[in-house]
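One-letter residues, chain by chain:
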Amino acid sequence: MQSDFSQNRLEILQKIATTAKEAGRNPDDITLVAVSKTQTPEKLDEALSDGQKIFGENRVQEAYSHWGERDCSDLELRLIGPLQTNKSDEAVKLFDVIETLDREHLCASLQKSIQKIGKAPKILMQINIGNEEQKAGVAINEFPRLLDLAREHYRLEVTGLMCIPPAELPPAPYFALLQKLAKTHDLKTLSMGMSSDFETAIKFGATHVRVGTALFGARNYQSNL
Ligand SMILES: *Cc1c(COP(=O)(O)O)cnc(C)c1O
């Protein structure tokens, strides 16, 4: 019998393919990132045996407890939650992609960690797309300057943008805005869309959709977005 995860994943991959085709896009250009925060080791085993290889985690510490003891050579791990500078060594060691660069202080500390550890994750910049006071991400008007600094001064490989639109509003205008910012700055990767809105995100060019509950079922506790 198929597990819940397997069934859910199949349905989501089908929705991704259908939506991509409707939008005139190639389904292969869209990657399903399984957001494994708060999940049990059994759930992770299930995901792995189903062939899922790309995972998103919110916290460095929790990511180590999930993945630190596993063979990750075949996997891609993506940090999708806020990063504190004192965890940047650990983040650079574990993650293939860090999606949440949003300030100069963090550019400096990532640069140091990359030199020290001798491994350079790809970097996305998180944009505070709804200009929300409590939310992480660089402000839209400060983003061009931070991008320049990150690339030219700190030599970071910034390949794309990530956002989390305001929770209570229709997401489409925010996805459209992130797509426009990426295009203006020639950034290819667009991480946007979650369980409730990944299809909309695909219409606006998402290359990576970050899906948690629709894949794994409900989480044990609420994350602190
Ligand atoms: C938790 C989380 C997700 C997944 O959310 P779901 O609604 O469970 O799909 C995606 N992105 C980020 C940044 C998250 O923290």
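This text goes with the structure placed above it.
Peer 1: An account of the overall build of the protein chain is requested, with residue identities and associated values reported.
Peer 2: If you tally the helices and strands in the protein chain, you get nine helices and eight strands. Computed over the C-alpha atoms, the radius of gyration of the protein chain is 17 Å, within 12% of the 17 Å expected from 2.2 N^0.38 for a compact globule of 225 residues. Referenced to the eigenvectors of the C-alpha coordinate spread, the extents of the protein chain come out at roughly 55 × 40 × 30 Å. Considering only contacts in the protein chain between residues 6 or more positions apart, those separated by 24 or more positions represent 57%. Carbon and sulfur atoms provide 48% of the accessible area of the protein chain, an area that totals close to 11200 Å². Averaged over its 27 positive side-chain charges, the protein chain has a centre that lies 3 Å from the centre of its 31 negative ones.

Peer 1: Go over helix H3 (residues 60–67), please, and point to the residues and values.
Peer 2: If you check which residues of H3 are buried, you get Val60, Glu62, Ala63, His66 and Trp67. All buried residues of H3 lie within an arc of 160 degrees about the axis, which places them on one face of the element. Packing partners of the buried residues in H3 comprise helix H2 (41–49), strand E2 (54–57), strand E3 (76–79) and helix H4 (88–94).

Peer 1: Run through the site of the ligand, naming residues and quoting values.
Peer 2: The environment of the ligand is made up of 14 residues, and the closest members are Lys37, Ser195, Gly212, Thr213 and Arg219. Thr213 is positioned with one of its backbone polar atoms (N or O) 2.8 Å from an oxygen atom of the ligand. With the chains in place, 95% of the 390 Å² that the ligand exposes on its own is no longer accessible.

Peer 1: So what's going on with the pattern of salt bridges? Which residues, and what values?
Peer 2: According to the stated counting rule, one finds 10 salt bridges in the structure shown. Linked by salt bridges that have partners in common, Glu76, Arg78 and Glu99 make up one network.

Peer 1: Can you tell me about the pairing of E2, naming the residues and giving the values?
Peer 2: In this structure, strand E1 (residues 31–35) lies alongside E2, joined through two bridges in parallel fashion. In the strand pairing of E2, Val35 is matched with Gly56. Regarding the hand of the β-α-β motif, the stretch spanning E2, H3 and E3 is right-handed.

Peer 1: Any details on the packing of aromatic side chains? Residues and values, ideally.
Peer 2: All chains considered together, the criterion is met by two aromatic pairs. Seen in terms of ring centroids, Phe5 and Phe216 are 5.0 Å apart; in terms of plane orientation they differ by 50 degrees. Their pairing is tilted. Pair noted here: Phe5 is in helix H1 (residues 4–22) and Phe216 is in helix H9 (residues 213–216), with a separation of 211 residues, a long-range link.

Peer 1: Report on H1, specifying residues and quantitative values.
Peer 2: Look at H1: 27 Å from first C-alpha to last across 19 residues, which is about the 27 Å you get at 1.5 Å a residue. Every buried residue of H1 is listed here: Phe5, Ser6, Arg9, Ile12, Ile16, Ala17, Thr19 and Ala20. Taken together, the buried residues of H1 touch E1, H2, helix H8 (198–203), strand E8 (208–211) and H9. Backbone geometry just downstream of H1 places Gly24 in the positive-phi region, at approximately 70 degrees.

Peer 1: Summarise unusual backbone geometry; cite the residues concerned and give the values.
Peer 2: Positioned with a positive phi, Thr38 is a non-glycine residue whose angle comes to about 70 degrees. Positionally, Thr38 belongs in the loop between E1 and H2. One non-glycine residue, Asn131, lies in the positive phi region at around 50 degrees. Structurally, Asn131 is set in the loop between strand E5 (122–127) and helix H6 (143–153).

Peer 1: Provide a residue-level description of the side chain of Lys135, including the pertinent values.
Peer 2: Here Lys135 shows up in the loop between E5 and H6. Within polar-contact distance, the side chain of Lys135 engages the side chain of Glu132 at 3.0 Å.

Rules behind the numbers
Residues take numbers from 1 onward in each chain, read along the sequence in its written order. Thresholds applied to this predicted model are a pLDDT of at least 70 for local features of residues and 80 or more for the giving and counting of side-chain atom pairs; totals over whole chains, interfaces and linings are not thresholded and use all residues. Hydrogens and water are ignored here; the side-chain numbers use all heavy atoms of the structure. Going along the chain from the N terminus, every DSSP run of H or I of four or more residues is numbered as a helix, and every run of E of two or more is numbered as a strand. Radius of gyration here uses only the C-alpha atoms, and the compact-globule reference equals 2.2 Å multiplied by the residue count raised to the power 0.38. The contact rule is simple, with two residues in contact once any of their heavy atoms fall within 4.5 Å. With residues, only the protein chains shown are counted as cover, and all accessible areas are computed by Shrake-Rupley using a 1.4 Å probe. Positive: Lys, Arg. Negative: Asp, Glu. His and the chain ends are not part of the count. For the purpose of locating charges, the reference atoms are NZ of Lys, CZ of Arg, CG of Asp and CD of Glu. For the exposure calls, accessible area comes from a 1.4 Å probe over protein chains only, and a residue counts as buried if that area is under 20% of its type's maximum, exposed if over 50%, partly exposed in between. Relevant arc is that of directions from the helix axis to the C-beta atoms, nothing else. Residues are counted as near a molecule or strand when any one of their heavy atoms sits within 4 Å of it. Contacts described as polar in this section are N or O atom pairs within 3.5 Å, which, within protein, must combine one atom able to donate a hydrogen with one able to accept it, while residues neighboring in sequence count only if both atoms come from side chains. Salt bridges are defined as contacts in which a side-chain nitrogen from Lys or Arg sits within 4 Å of a carboxyl oxygen from Asp or Glu. We call two strands paired when DSSP finds no fewer than two bridges between them. If the strands point away from the viewer and the path from the first strand over the helix to the second runs clockwise, then the crossover is right-handed. Only Phe, Tyr and Trp rings take part, Trp by its six-membered ring, and two of them pair if their centres are within 6.5 Å. Stacked means planes under 30 degrees apart, edge-to-face means over 60, and tilted covers everything else. By this rule the span expected of a helix is its residue count minus one, scaled by 1.5 Å.

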